Amino acid sequence: MLHQRTIAKTIETSGVGLHSGKKVEMTLRPASENSGIRFRRMDTDSLKEVHAIAENVTDTNLGTTISQNGTSVMTIEHLLSAFAGLGIDNVYIDLHGPEIPIMDGSAASFILLIESAGIEEQSAAKKFLRIKKNIRVEEDGKFAEFRPFDGYRLTFDIEFEHPMIQNELTHFTFDFSTMNFLEHISRARTFGFLKDIESLRSNNLALGGSLDNAIVLDDYTIINKDGLRFEDEFVRHKILDAVGDLYLMGHILVGEYYGYKSGHDLNNKLIRMSNLNANCSGQTIPHSPQTSRCHPSVWFVKFIMLCCPHLMLTHLCCNKSVLILSEFIQSFNSMLWFYSFITIN
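Heads up: these notes are all about the structure in this document.

**Structural notes on the overall build of the protein chain**
Along the backbone of the protein chain there are eight helices and 19 strands. Looking at the protein chain as a whole, 54% of its 345 residues qualify as buried. In the protein chain, 76% of the contacts between residues at least 6 apart in sequence involve partners at least 24 apart. Surface exposure of the protein chain reaches about 15300 Å², of which carbon and sulfur atoms provide 50%.

**With respect to helix 1 (residues 77-86)**
Extensive coverage of helix 1 is indicated by the burial of 10 of its 10 residues. Of the residues making up helix 1, those classed as buried are Glu77, His78, Leu79, Leu80, Ser81, Ala82, Phe83, Ala84, Gly85 and Leu86. Looking at the residues trailing helix 1, positive phi occurs at Gly87, about 75°.

**Here's the deal with the sheet that holds strand 6 (residues 57-59)**
By definition, the strands of a sheet pair up through backbone hydrogen bonds, in either a parallel or an antiparallel sense. Taken in spatial order, the three strands of this open sheet run 6-7-8, and their pairing is antiparallel. Each having just a single partner strand, strand 6 and strand 8 (71-73) make up the two edges of the open sheet. Shown here is a sheet whose adjacent strand axes are inclined to one another by a mean of 40°, direction ignored. Bridge analysis of strand 6 against strand 7 (residues 65-68) gives two bridges, and the strand direction is antiparallel. If you follow Val57 over to strand 7, its bridge partner there is Ile66.

**Describing helix 2 (residues 108-117)**
Judged by how many residues are buried, helix 2 sits mostly within the fold: eight of 10 residues are covered. Here helix 2 has its buried residues at Ala108, Phe110, Ile111, Leu112, Leu113, Ile114, Glu115 and Ala117.

**A short note on a nonpolar patch on the surface**
A cluster of nonpolar residues, Leu194, Leu211 and Ile223, forms a patch on the protein surface that exposes about 230 Å² of accessible area. By the element assignment, Leu211 lies in the loop between helix 4 (197-202) and strand 17 (215-217). Residue classification places Leu211 among the partly exposed residues on the basis of a relative accessible area of 44%.

**Quick word on the environment of Lys142**
For Lys142, the position within the fold is in strand 13 (residues 142-147). Given the relative accessible area of 35%, Lys142 is considered partly exposed. As a C-alpha pair, Lys142 and Gly263 span 121 residues in sequence and 8.9 Å in three-dimensional space. In contact with Lys142, other than residues within four places in its own chain, are Val137, Tyr260, Lys261 and Leu266.

**A short note on the pairing of strand 3 (residues 23-30)**
Sheet analysis places strand 2 (residues 11-16) next to strand 3, joined by six bridges and oriented antiparallel. For Gly15, the partnering residue across the bridge sits in strand 3 and is Val24. Joining the antiparallel neighbours strand 2 and strand 3 is a turn of six residues, in which Gly21 adopts a positive phi near 75°. Bridge analysis of strand 3 against strand 9 (residues 91-96) gives six bridges, and the strand direction is antiparallel. Residue Arg29 lies in a different strand from strand 9, and its bridge partner there is Tyr92.

**Let's talk about the environment of Leu47**
Take Leu47: it is sitting in the loop between strand 4 (37-41) and strand 5 (48-51). Taking C-alpha positions, Leu47 is 9.8 Å from Thr71, a pair spaced 24 residues apart along the chain. Once residues lying within four places of it in the same chain are set aside, the contact partners of Leu47 are Arg40, Arg41 and Met42.

**Examining the packing of helix 5 (residues 233-246) against helix 6 (residues 264-275)**
At their nearest, the axes of helix 5 and helix 6 sit 10 Å apart, and the two run at 35° to each other. The handedness of the crossing between helix 5 and helix 6 comes out as right-handed. Only His264, Asn267 and Ile271 of helix 6 make contact with helix 5, whose side of the interface consists of Asp241, Ala242, Asp245 and Leu246. Residue composition of the contact of helix 5 with helix 6, by class: three nonpolar, two polar and two charged.

**Re the packing of aromatic side chains**
Scanning the model with the defined rule gives 11 aromatic pairs in all. Between Phe156 and Tyr257, the aromatic rings sit 6.3 Å apart at their centres with planes inclined by 40°, giving tilted as the arrangement. Here Tyr257 lies in strand 18 (residues 252-260) and Phe156 lies in strand 14 (residues 152-157), a separation of 101 residues in the sequence. There is no split in this pair, since Phe156 and Tyr257 are both buried. Both rings, one in Phe174 and one in Phe176, keep their centres 5.6 Å apart while their planes meet at 70°; by these two values the pair is edge-to-face.

What counts and how
- Along each chain, residue indices are assigned from 1 in the same order as the chain's sequence is written.
- The predicted nature of this model means local features are confined to residues of pLDDT at least 70 and side-chain atom pairs, given and counted, to a pLDDT of 80 or more, with totals for whole chains, interfaces and linings taken over all residues.
- Only hydrogens and water are set aside when side-chain values are computed; all heavy atoms of the structure are taken into account.
- We count a stretch as a helix when DSSP gives it H or I for four or more residues in a row; a strand needs E for two or more, and each element gets its number in order from the N terminus.
- Classification of residues uses two cut-offs on accessible area relative to the type maximum, computed with a 1.4 Å probe and protein chains only: under 20% is buried, over 50% is exposed, and between them is partly exposed.
- Any pair of residues with heavy atoms lying within 4.5 Å of one another is described as a contacting pair.
- What sets the accessible areas is the Shrake-Rupley method with a 1.4 Å probe; for residues, cover comes only from the shown protein chains.
- For two strands to be treated as a pair, DSSP must find at least two bridges joining them.
- To define axes, lines are fitted to C-alpha atoms, for helices over the stretch in contact only, and angles between the resulting N-to-C directions are given on a 0 to 180 degree scale.
- Residues enter a patch when their relative accessible area is above 30% and they make no salt bridge; the linking distance is 9 Å between like charges and 5 Å between nonpolar side chains (Val, Leu, Ile, Met, Phe, Trp, Tyr).
- Think of a salt bridge as a Lys or Arg side-chain nitrogen and an Asp or Glu carboxyl oxygen that are within 4 Å of each other.
- Two helices that cross are described as forming a left-handed crossing if the nearer one is turned anticlockwise from the farther one by less than a right angle, and a right-handed crossing if clockwise.
- For this classification, Asp, Glu, Lys and Arg are treated as charged, while Ala, Val, Leu, Ile, Met, Phe, Trp, Tyr, Cys and Pro are nonpolar and the rest, including Gly, are polar.
- Aromatic rings from Phe, Tyr and Trp, taking only the six-membered ring of Trp, are treated as a pair when their centres fall within 6.5 Å; an angle between ring planes under 30 degrees marks them as stacked, one over 60 as edge-to-face, and anything in between as tilted.

As structure tokens, then:
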């Protein structure tokens, strides 16, 4: 049986909200089993809690917003994607502000934050949702679909009339495992177009956006000096968003998600439809993963080096760098790689 997880200790960070432009202080705290993921607004007159479930989604314009008890939390998808990637089922997120900080525009900073807190296995079983038949929502030539599959797979197609987003760069298929997520998805950043910025800001959106937390394209190319982290970073980020949105199911998907030009709105509608559909069934899956022969430390060190290229191996003689890597490795070794190639019995 695969067990639920929470973080081992409380940890704090801060950053700027992508849309609000406001500084946000955020604290992650351990939560008991079956609590789920719960946001708490600490900047309101009284503490107000918002449960991260699909039914609480109230806005999907350029991000996922959830609301409950008279309060809202914006832009939750990147943090939820990190929780999904590391298998965190139960956690409290205390916020002094209306929005999750955007950090670098990907899930990488949240991965490092969670790993620094450590991961603790709990007694209760994880919850899974198996897709038995195709379930699809479609609007204006776009669609999101669940298909039966023995495992968890995401496929995405995007379509933009831009010379930097063409041909083979518009399609990606991803078999979900923690290792695959860390290496191929977690570092993909959000993106936008220079021509849209004035309109967005006039509508109080993207007020905190910058070249430090988003890929920005003009009519011909990318204006970020450092370029892309992946040649197809755009479609990979769409998968990162989908992983976060789908974590609002409250279950781990046993099936394939396929999105064609989909976004937060269709993703949420697909989840709500599946929650009401007889072609889905909740279940517990026995612990029978085919574990990788690669030691987890190797993958996490690689992840650190990808996120922090200044920590080159030639500099590891520095005691401080060795200490930092050792602390990450020690935390990472405590993890169980339960997502690695799950086999359905």
